[in-house]
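Observations on the three-dimensional arrangement
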Amino acid sequence: MMQRSKSIAILVFVNLLAAGCHNAHAPTVDVLGSYFPAWIICIFVGLVLAIISRQVLIIFKIAPHLRPAPLVYVSLAVFYTLLVWLLFYKN
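Since this is a predicted model, take the numbers as computed values, not measurements.

Description of the nonpolar core
By size, the foremost hydrophobic cluster in this structure holds 8 residues: Ala50, Leu57, Ala63, Ala69, Tyr73, Leu76, Ala77 and Tyr80. Mapped by element, the contributors of at least two residues to this core are α2 (38-59) and α3 (69-89). If sequence neighbours within four positions are ignored, tyrosine 73 has contacts with Ala50, Arg54, Leu57, Ala63 and Leu66.

Observations regarding α2
Its 22 residues place the ends of α2 32 Å apart at the C-alpha level, agreeing with the 32 Å of an ideal helix rising 1.5 Å per residue. Where α2 is concerned, the buried positions are Ala38, Cys42, Gly46, Ala50, Ser53 and Leu57. Around the axis of α2, the buried residues are gathered within 105 degrees of arc, so they sit on the same side. For α2, the exposed residues lying more than 90 degrees away from the buried face are Phe44, Ile51 and Ile59. Following α2 by one or two positions, lysine 61 has its phi on the positive side, about 60 degrees.

Thresholds, definitions, all that
- Residues numbered from 1 in each chain as written.
- Predicted model: local features only at pLDDT ≥ 70, side-chain atom pairs only at ≥ 80, totals over all residues.
- Heavy atoms only, no water.
- Core = buried A, V, L, I, M, F, W, Y, C linked by side-chain atoms within 4.5 Å.
- Buried < 20%, exposed > 50% of the residue type's maximum accessible area, 1.4 Å probe, protein only.
- Helix = DSSP H or I, 4+ residues; strand = E, 2+ residues; numbered from the N terminus.
- Contact = heavy atoms within 4.5 Å.
- Expected span 1.5 Å × (residues − 1).
- Arc of directions from axis to C-beta.

These figures capture arrangement, not role.
Printed below as a string of structure tokens:
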């Protein structure tokens, strides 16, 4: 009896995890006739914005005060990537 309830619980858990996988539409962007996944574009834009932010922080002499610097710039890149995704591909 205990084994059957465990297997039912596992089955319900797996079904709940897979419930969000029914969407057949993957966001793509047409670039010169070729379709790219939208997340690649978002990552590229996020990295470019993080580099621009780094240059701005260096100009305003704030960069030396940001420690640990690698964590700050990776966090900025992730923030900008997710922001671009939310602004352009939120549905």
